[in-house]
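Single-letter residue listing:
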Amino acid sequence: TPSEVYRIVNCLVNRDYVIRDHRINGYSLSLRLFELSTTVPPVRRLFDAAMAPVADLVNQIRFSCHLSVLEGGHLCIIHEEEGLDAVHVHVRVGSRIPVTETSSGPLLLAHTVSDDAQLQTLLLQDEVYSRRSEAEREAVRRDIMRLQSCRCTVLQSKQHPGVYDVVAVVKYSGGRYVALGVPCFVGNGNPESVHQLKPHVLAAADRIQTALGIPW
């Protein structure tokens, strides 16, 4: 009920998980929730393993890099290391994007599922996929299953046609996977130039995998 919700919100305010903003007569989440999320052991371990390889990768290629995981029918961005060039693609941490509207999502799904039935069950949580025709859905599933043998791939961004994404996957706690993504502008109109980044991204993914101590 509204009164129960009000009491719960007040409880969260008193414990500093939510901040009351009197200027707008509303509420916002505090950094304490973020701190809480990063202390969960698998996430903390992942961050500890990934920070140095991701930072070194940015220094090497100068493009921004981000880490993302599957969350229901969405891809959730959990970390970003900004690029060094004046102009680069920025992905906001905490963003949740329908999984089929991303490059990292299909690659993560390909390594998460074992068959088409399991894949279809997961995809039905994606509102964009759910609105497609059956023929379009089948094409999406077919494209995802083709990625099962790929650990690192280059895909054109579905949201920004001038951007290509280099994505590699890393296995971590509980058989789940995290994606290391590098979005790149193709200024010269030649997407083949992006493929030159694949060895660097895959090497960074291998360093993260080794630091996690989980065999691929």
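Described below are features of the structure shown in this document. Worth saying up front: this structure is predicted, and the values here are computed from it rather than measured.

**Thoughts on the overall build of the protein**
Stage number 1. The helix and strand inventory of the protein stands at 8 helices and 8 strands.
Stage number 2. Dimensions of the protein, computed from C-alpha atoms along their principal axes, come out at roughly 55 × 45 × 35 Å.
Stage number 3. Here the protein, with 216 residues, has 44% of them falling under the buried criterion.
Stage number 4. Sequence separation of 24 or more characterises 55% of the internal contacts of the protein that already satisfy a separation of 6 or more.
Stage number 5. Split by element, the accessible area of the protein, about 11,700 Å² in all, is 55% carbon and sulfur.

**Overview of helix α1 (residues 2-14)**
Stage number 1. Compared with the 18 Å implied by 1.5 Å per residue over 13 residues, the 18 Å span of α1 between its first and last C-alpha is a close match.
Stage number 2. Positive backbone phi, approximately 70°, marks D16, located one or two places after α1.

**Thoughts on the packing of aromatic side chains**
Stage number 1. Under the counting rule described, the total for this entry stands at 1 aromatic pair.
Stage number 2. Arranged with centres 5.9 Å apart and planes meeting at 75°, the rings of Y177 and W216 form a pair that is edge-to-face. Here the residue Y177 occupies a position in strand β8 (residues 176-185), and W216 occupies one in the segment after α8 (198-212), the gap between them amounting to 39 residues.
Stage number 3. A relative accessible area of 14% means that Y177 is categorised as buried.

**Quick word on unusual backbone geometry**
Stage number 1. The phi torsion at D16 lies on the positive side, around 70°, for a residue other than glycine.
Stage number 2. Position of D16 among the secondary structure elements: in the loop between α1 and β1 (18-21).
Stage number 3. You can call D16 partly exposed: its relative accessible area is 48%.
Stage number 4. Although it is not a glycine, R62 sits at a positive phi angle of roughly 75°.

**Re the sheet that holds strand β5 (residues 96-98)**
Stage number 1. Here we have 6 strands laid out as an open sheet, ordered β5-β4-β3-β8-β7-β6, and antiparallel in their pairing. The open sheet is flanked by β5 and β6 (152-156), the only strands paired with a single partner. Taking the axes of each pair of neighbouring strands and ignoring which way they run, one obtains an average angle of 35° across the sheet.
Stage number 2. Judged from the 3 bridges that link them, strand β3 (residues 65-71) and β8 form a sheet pairing that is antiparallel. Counted as the bridge partner of S68 is A179 from β8.

**Quick word on the nonpolar core**
What tends to happen in soluble globular proteins is that the nonpolar side chains get buried as a cluster.
Stage number 1. Ranked by size, the top nonpolar core spans 33 residues in total, and within it V166, L180 and I208 carry the most contacts.
Stage number 2. Counting residues per element, the ones that place at least two in this core are α3 (41-61), β3, β4 (74-81), β6, β7 (163-172), β8 and α8.
Stage number 3. Per element, the largest residue contribution to this core is 8 residues, and it comes from α3.
Stage number 4. L107, A110, L119 and A179 belong to the second largest nonpolar core, which has 20 residues in total.

**Examining the environment of Y17**
Stage number 1. Within the element layout of this structure, Y17 appears in the loop between α1 and β1.
Stage number 2. Y17 sits in the buried class, given a relative accessible area of 18%.
Stage number 3. Separated by 15 residues in sequence, Y17 and R32 have C-alpha atoms that sit 5.6 Å apart.
Stage number 4. Not counting residues up to four positions away in its chain, the partners in contact with Y17 are L12, L29, S30, R32, L33 and L36.

**Digging into the environment of N10**
Stage number 1. Inspection of the secondary structure puts N10 in helix α1.
Stage number 2. The spatial distance from the C-alpha of N10 to the C-alpha of R141 is 45 Å, given a sequence separation of 131 residues.
Stage number 3. When sequence neighbours within four positions are dropped, the list of residues in contact with N10 reads R20 and Y27.

Conventions adopted
- Numbering of residues starts from 1 in every chain and runs along the sequence as written.
- Since the coordinates come from a predicted model, pLDDT governs what is reported: local features require at least 70, and pairs of side-chain atoms require 80 or more to be given and counted, while whole-chain, interface and lining totals use all residues.
- Hydrogen atoms and water are omitted, and side-chain values are computed over all heavy atoms in the structure.
- Helix numbering and strand numbering both begin at the N terminus, where a helix is a DSSP run of H or I of at least 4 residues and a strand a DSSP run of E of at least 2.
- Here's how the labels work: a residue is buried when its accessible area is under 20% of the maximum for its type, exposed when over 50%, partly exposed in between, all with a 1.4 Å probe on protein chains only.
- Residue contacts are counted whenever heavy atoms from the two residues lie within 4.5 Å of one another.
- We get accessible surface area from the Shrake-Rupley algorithm with a probe of 1.4 Å; when it comes to residues, only the shown protein chains can shield them.
- Helix span is expected to be 1.5 Å times the residue number reduced by one.
- The rule is short: rings of Phe, Tyr and Trp, with Trp giving its six-membered ring, pair when the centres are within 6.5 Å, and they are stacked under 30 degrees, edge-to-face over 60, tilted in between.
- Strand pairing is assigned whenever DSSP identifies at least 2 bridges connecting the two strands.
- Axis definition: a line fitted to C-alpha atoms, over the contacting stretch in the case of helices. Angles run 0 to 180 degrees between N-to-C directions.
- By nonpolar core we mean a set of buried residues, namely Ala, Val, Leu, Ile, Met, Phe, Trp, Tyr and Cys, connected to one another through side-chain atoms within 4.5 Å.

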